[in-house]
Amino acid sequence: MELSNLVPIPVLLPLLAAGITLALARHPAWQRVVSGTTLGIVAVLALILCLAADAQGPIVLWVGAWPEGLGIVLVADRLSSLLVLVSSIVTAIVVIFPSRRDIADSADGAPVSVFHPTFLVLTAGVANAFLAGDLFNLFVGFEMLLFSSYVLIMLGATKERVRAGSTYVVVSVISSTLFLLALALVYGATGTVSFAQLPERFAALDPGLQLTIQLLLLVVFGIKAAVFPLQAWLPDSYPTAPASVTAVFAGLLTKVGVYAIIRLQTLLFPESPLTELLLVVAILTLVLGILGALAQGEIKRLLSFTLVSHIGYMLLGVALGTEQGIAGAIFYIVHHILVQTALFIVVGLIERVGGSTSLARLGGLASVPLLAALYLVPALNLGGIPPFSGFLGKVALLDAALAVPSPLSIAAVVAGVATSVLTLIAVIRVWQRAFWQDRGEDDDRVHSLRVLPRIWVVAASALVGITVSLTVLAGPLSEFAQRASVDIEGGAYGVAVEEAMP
Amino acid sequence: MTPSLALAVAGGVLIAAGTYLLLERSLMRILAGVMLAGNGVNLLFLVAAGPAGLGPIVGTPEDEISDPLPQAMVLTAIVISLATSAFLLAMSYRSFQLEGHDEVADDVEDAIVRRRAEADLSSEAYVELTPEEQPDTESGGRGERAGG
């Protein structure tokens, strides 16, 4: 069997499973088995793709083999196959968590049977966005994941969720409209939307038009990635969703935006890095995001703000436009997907054990040592304490910034270090308040992990374990990121797509 | 290629009107805005498809047919905007069911943070919590929210 036939599987298999789980709507246990198995298989296939892409360069599939590059092309190069791998690992673990109570929260009669089908379509959309070889297919991938996310963020349609969801849906719809507008411009100006052909044709355009298209696409992807000043929707909308949903959103959806920015900056407009603009945006995202986090009294919101802030690190790497910078950004994306998801999952456990996620109401959770460890390890990792991967990723990025001597990149290094310290302060405040402070006298709740299904604790521990293992895997992973970045800078993508054209 | 000016102008007007409606708080008006802007963008795809008056793809010599690819893209976009409209309608109706209106409200936690700032209190994450002063001075309106 041709290896390239594996490329569409991460998109097709979850879609197929979505149909099956929809048919099994009355059997929640079976639904969970089907989606768990599917995502597990996808993770294994993604690993194979990843190793193959590393060994023999980008794997390209022209779907339907239409002549002259008319059809849809799917490409798994090092970067996209790595991201498909990480996202399928995360989704395969998170899908264990949803139960009737978690999803429905207080909503009676919530249609929880739609969770699994929607979640599977979401993963298919994420995979499609990563593998897409043209702008229009990227748009379709975005729409798939957005529509599922609309449903997931409003599961149960309680008052809070409809309010929070409204903001999210309206902002996303606007960004989709802008994306379509950009597509019309791109096609009108160049006559193609393929990633492989666009760089050459863009280069032939009037510089003003080039810049217009680039900035328009940057705005679109910037909304998805939640970079300043397009980030305000995120902390408003994420925290009200069910814990498992927030975890996946926080881990994956913003990274799809960052991925699109990387492709845009390196593949489509390699000649116009916009370093100053992006560095300023990255610095502002870093600093303002984390200052927002410090003001929050609710753990999920606090983490949402740190999420916004840390997008700044990835943007910093992209902004530099150097091989080292891109490699650092790729490493940081992998680290951040895993750590942020783990933290949100653990906060879900804290909510169940402690009865709240508000710092004013939590306390004394240190009496549950395992939960404390599960929180503390990823929290320190996020803050960038050695030897965790957060530290390694930040050092790689700051190193890359120092290699480009300019006042702005020095400022970025300062902002990066300050953000790291402030992140640590924010997460340690949570640690101190939720785990160590005395509880109110009228609070006679007994904290125990017994209220949780055992498989939750196992799955959360596994996820935290993976984040820790990144420390050990950091060597191979950063070498892989380096090779991916060399690929990107060397233009292997376009060459492979042209060669595979039927 | 000479695109049709009428299409470009019509697209621009639709997008401008849509943008104006998007700035409203009511979800129904936002929906109308999204549909207008979406259709405006679809017209721009027709502009990108080249001059008017060319034949369809079947039964015409190859150099006289109009470009089918933008039409395929517009079809996809139309399907997606149908789904968007349906979802926004449902959302707006649900909001009306719950609140009696369909206006997008401010974020609750934002309001708490803002109220604390106006009252010149320190951030909730930083308050040294002692049990006896917990209920009123510290909650910054949180109790109100729990009650409602």
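Residues numbered from 1 in each chain as written. Chains lettered and ligands numbered in written order. Predicted model: local features only at pLDDT ≥ 70, side-chain atom pairs only at ≥ 80, totals over all residues.

Participant: Can you help me understand the overall build of chain A in this one?
Facilitator: On a plain count of helices and strands, chain A comes out with 19 helices and two strands. Taken over C-alpha atoms, the radius of gyration comes to 22 Å for chain A, in line with the 23 Å a tight globule of 502 residues would show. Considering only C-alpha atoms, chain A reaches an extent of 70 × 55 × 40 Å along its principal axes. Looking at the 502 residues of chain A, the share that counts as buried comes to 59%. Residue pairs in contact within chain A that sit at least 24 positions apart in sequence constitute 79% of those at least 6 positions apart. (Helix = DSSP H or I, 4+ residues; strand = E, 2+ residues; numbered from the N terminus. Rg over C-alpha atoms; globule rule 2.2 N^0.38 Å. Buried ≥ 20, exposed ≤ 12 C-beta atoms within 10 Å, placed from the backbone. Contact = placed C-beta atoms within 7 Å.)

Participant: Got a minute to help me understand the overall build of chain B in this structure?
Facilitator: What chain B contains, in helices and strands, is six helices and zero strands. Taken from N to C terminus, the helices and strands of chain B fall in the order α-α-α-α-α-α. Within the span of chain B, comprising 148 residues, buried residues form 32% of the whole. Put simply, 55% of the contacts in chain B that link residues at least 6 apart link residues at least 24 apart.

Participant: Looking at this structure, I do not really get the pairing of strand β2 (residues 73–76) of chain A. What am I missing?
Facilitator: Within a regular strand, side chains alternate between the sheet's two faces. Residue and element names in this part refer to chain A. Residues V73 and V75 of β2 are buried on one face, and the alternating residues L74 and A76, pointing to the opposite face, are buried as well. With four bridges connecting them, strand β1 (residues 59–62) and β2 associate as antiparallel partners. Pairing of W62 across the sheet is with V73, part of β2. (Pairing = 2+ DSSP bridges.)

Participant: What exactly am I supposed to notice about the interface of chain B and chain A here?
Facilitator: Accessible area lost upon the coming together of the parts serves often as the stated size of an interface. With 39 residues of chain B at the contact, the number on the chain A side is 37 residues. Residue assignment for the side of chain B that touches chain A shows that the elements contributing at least two residues are α2 (27–48), α3 (68–99), α4 (108–118) and α5 (134–138) of chain B. Here the element with the most residues in the side of chain B that touches chain A is α3(B); it accounts for 13 residues.

Participant: Help me understand the packing of helix α3 (residues 78–94) of chain A against helix α18 (residues 454–490) of chain A in this model?
Facilitator: For any two helices packed against each other, the geometry is given by the interaxial angle and the distance between the axes. All names here are of chain A. Contact geometry for α3 and α18: axes closest at 10 Å, N-to-C directions at 170 degrees. Comparing their axes, α18 and α3 come out roughly antiparallel. For the pair α3 and α18, the contacting residues are R78, L79, L82 and I93 in the first and A459, A462, L463, F480, R483, A484, D487 and I488 in the second. When its residues are assigned to classes, the contact of α3 with α18 shows nine nonpolar, no polar and three charged. (Axes fitted to C-alpha atoms, helices over the stretch in contact; angles between N-to-C directions. Parallel < 35°, antiparallel > 145°, perpendicular 65-115°, else oblique. Nonpolar A, V, L, I, M, F, W, Y, C, P; charged D, E, K, R; others polar.)

Participant: Even after reading the chapter, I still don't get the nonpolar core, so can you show me in this structure?
Facilitator: Residue and element names in this part refer to chain A. L183 and I345 are the most contacted members of the largest nonpolar core, which has 217 residues in total. At 20 residues, helix α14 (residues 323–354) tops the list of elements feeding residues into this core. In this structure I345 touches V94, F97, A243, A247, A460 and L463, once residues within four positions along its chain are discounted. (Core = buried A, V, L, I, M, F, W, Y, C linked by C-beta atoms within 7 Å.)

Participant: Can you walk me through helix α1 (residues 9–23) of chain A in this structure?
Facilitator: Residue pairs three or four apart in sequence face the same way in an α-helix, which turns once every 3.6 residues. All names here are of chain A. With 15 residues, α1 extends 21 Å between its outermost C-alpha atoms, agreeing within 8% with the 21 Å of an ideal straight helix rising 1.5 Å per residue. Those residues of α1 that fall on the buried side of the exposure criterion are P10, V11, L13, P14, A17, A18 and T21. Those residues of α1 that are buried lie in contact with α2 (28–56), α3 and α5 (115–131). (Expected span 1.5 Å × (residues − 1).)

Participant: I tried to follow α3(A) on my own but got confused; where do I start?
Facilitator: The terminal C-alpha atoms of α3(A) lie 24 Å apart, and with 17 residues this matches the ideal 24 Å at 1.5 Å per residue to within 8%. Among the 17 residues in α3(A), 17 count as buried, and that is most of the element.

Participant: In this structure, what is going on with unusual backbone geometry? I would like to understand it.
Facilitator: Backbone phi values are negative for most residues with the exception of glycine, while trans is the configuration of most peptide bonds. Residues and elements named next belong to chain A. Between F228 and P229 the backbone carries a cis peptide bond, its omega angle lying at 0 degrees. A cis amide bond links P386 with the next residue in sequence, P387, at an omega value of 5 degrees. As for its placement among the helices and strands, P387 is situated in the loop between α15 (369–383) and α16 (389–402). Within the chain, A65 stands out as a residue other than glycine whose phi angle is a positive 50 degrees. Note that A65 resides in the loop between β1 and β2.

Participant: I'm lost on the packing of α3(A) against α5(A) in this one. Help?
Facilitator: All names here are of chain A. At a minimum axis separation of 9 Å, α3 and α5 run at an interaxial angle of 170 degrees. The angle between α3 and α5 places the two elements in the roughly antiparallel class. Considering only the axes of α3 and α5, their crossing is right-handed. Facing α3, whose interface residues are S80, L83, V84, S87 and T91, α5 presents T123, V126, A127, F130 and L131. Of the residues that constitute the contact of α3 with α5, the class distribution is six nonpolar, four polar and no charged. (Left-handed = near helix turned anticlockwise from the far one by under 90°.)

Participant: Sorry, what's going on with the confidence of the model for chain B here?
Facilitator: Should pLDDT be low for a region, the predicted coordinates there are not to be read in detail. All names here are of chain B. Taken as a whole, chain B shows an average pLDDT of 78; of its residues, 80% reach a score of 70 or greater. No element of chain B has a lower mean pLDDT than helix α6 (residues 142–147), at 41, and none a higher one than helix α1 (residues 5–22), at 92. With pLDDT under 50 throughout, residues 129–148 is counted as low confidence; its partners more than four residues away or in other chains account for 22 contacts. (pLDDT = per-residue confidence, 0-100.)

Participant: Got a minute to help me understand the environment of Q214(A) in this structure?
Facilitator: Residues and elements named next belong to chain A. Within the secondary structure, Q214 is located in helix α9 (residues 207–225). Taking the C-alpha atoms as reference points, Q214 and L274, 60 residues apart in sequence, are found 9.8 Å from one another. Residues in contact with Q214, not counting those within four places in the same chain, are F269 and S272.

Participant: Hey, could you run me through the environment of L39(A) in this one?
Facilitator: Residue and element names in this part refer to chain A. Mapped onto the secondary structure, L39 falls in helix α2. Classification of L39 as buried rests on a count of 26 C-beta atoms within 10 Å. As a C-alpha pair, L39 and S88 span 49 residues in sequence and 6.2 Å in three-dimensional space. If near-sequence neighbours (up to four positions away) are discounted, L39 is found in contact with S88, T91, A92, V95 and T123.

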